[in-house]
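Listed here are the chains, written in short residue letters.
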Amino acid sequence: MKTGNISRALTLIALGLMGLAGPGFAGEPTAFELIKEGNRHVGEETKDQVIQIRSEKSIGTLTPIIWYVIYFDPDATGKAAEVKFGAGTKLWVKRPGRVLESWHGPARPLPREKLKIDSDKALEIAIREPLLNNLKLKATQLWLQRESWSAEDVPVWKVRLWAAKLRHPNDNVEIGDLFISADDGKVLRNDLHINRVD
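These lines cover the structure that appears in this document, whether it is placed above or below. Everything numeric in this text was worked out from a predicted model, so none of it was measured.

### Some points on helix H2 (residues 31–39)
Phase 1: If you check which residues of H2 are buried, you get Ala 31, Phe 32, Leu 34, Ile 35, Gly 38 and Asn 39. Seen from one end, H2 has its buried residues packed into an arc of 155°, which puts them on one side.
Phase 2: Buried positions along H2 lie against strand E1 (50–55), strand E2 (66–72), strand E3 (80–86), helix H3 (119–127), strand E5 (137–145) and strand E6 (156–164).

Okay, structure coming up:
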C-alpha cells in the first residue's frame, strides 16, 4: 500500500473512531432526561407535571430503551398526556380518554423536589443488591410512581429483574422487584424471589 493510501486509511479510521464517541453511541437517555425532552411535546401547564414514568422490559441489555412519560394534563379528558420514547426519540404523544395506569390515588404530579435518583442510578442500586451477586441478570423494567404502601409522599422506583436460569442459562425468568426511594436511593422494599432461577 502506498504512503498516501495508508495516510488516507488512517485518517478514515480516526474519523470513524471519533464518530463512535459521538452522541449516537452515548448511553441511553435517562428517565429525567426524557422528562425534559417530553416537555417539548406537551402544553405549557403540563410541563414537568409528571405522574409516572415507566419502561418496557429491556431487550439484550439491562437498560430499557422504550419509555413512557405520563404527565398530568388538566385539559385532557383523562387528565393525562403520555409521551412514548424509543431510544431517546419521541414516537408519539397520546391523551388517553381514561387513565390506563393505576396512579395509587388521585392523579397528581410527583413532587419534583424529591426526584433526585434517576433511572440509571436506580438500576445501579438494584444491580448491587447482595442477593443478586451470584445471578446473571438478563433484563429489567422500571416504574417511577407513588406506591400505596409508602407512608410518605416519596416517589419510588420499582425495578423488576429477570435472571438466567441455572439449568438452562439461555432461558430467563422474572425474579421479582426492588423498590428504591427516588429521594435518597434507599431500598424501601425487597420483593425478590431468587429461588425461581432453579
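We are not done yet, so read on.
### Describing the pairing of E3
Phase 1: The element E3 is largely enclosed, with a buried count of seven among its seven residues.
Phase 2: Residues Ala 80, Glu 82, Lys 84 and Gly 86 point to one face of E3 and Ala 81, Val 83 and Phe 85 to the other, with burial holding for every one of them.
Phase 3: Note: E2 against E3, seven bridges, orientation antiparallel. Paired with Tyr 68 across the bridge in E3 is Lys 84.

### Regarding the packing of aromatic side chains
Phase 1: Counted under the stated rule, the structure contains three aromatic pairs.
Phase 2: Aromatic side chains Trp 67 and Trp 157 sit 6.5 Å apart centroid to centroid with 85° between the ring planes, which places their arrangement in the edge-to-face category. Placement of the pair is Trp 67 in strand E2 and Trp 157 in strand E6, with a sequence separation of 90 residues.
Phase 3: Look at Tyr 68 and Trp 92: their rings are 6.0 Å apart centre to centre, the planes differ by 50°, and that puts the pair in the tilted class.

### Considerations on the layout of surface pockets
Phase 1: Each pocket or cavity is described by its volume, and for the largest pocket that value is around 150 Å³.
Phase 2: Lining the largest pocket, in full, are Phe 32, Ile 35, Lys 36, Asp 48, Val 50, Arg 112 and Leu 115.
Phase 3: Sorting elements by how many residues they give to the lining of the largest pocket places H2 first, with three residues.
Phase 4: For the lining of the largest pocket, the class distribution of residues is four nonpolar, no polar and three charged.

Calculation rules
Residues numbered from 1 in each chain as written. Predicted model: local features only at pLDDT ≥ 70, side-chain atom pairs only at ≥ 80, totals over all residues. Heavy atoms only, no water. Buried < 20%, exposed > 50% of the residue type's maximum accessible area, 1.4 Å probe, protein only. Helix = DSSP H or I, 4+ residues; strand = E, 2+ residues; numbered from the N terminus. Arc of directions from axis to C-beta. Contact = heavy atoms within 4.5 Å. Pairing = 2+ DSSP bridges. Phe/Tyr/Trp six-rings, centres within 6.5 Å; stacked < 30°, edge-to-face > 60°. 1 Å grid on protein atoms, 1.4 Å probe; cavity = no way out; pocket = protein on both sides within 12 Å on 5 of 7 lines; lining within 4 Å. Points joined across faces, edges and corners; volume = space filled by probe spheres on them. Nonpolar A, V, L, I, M, F, W, Y, C, P; charged D, E, K, R; others polar.

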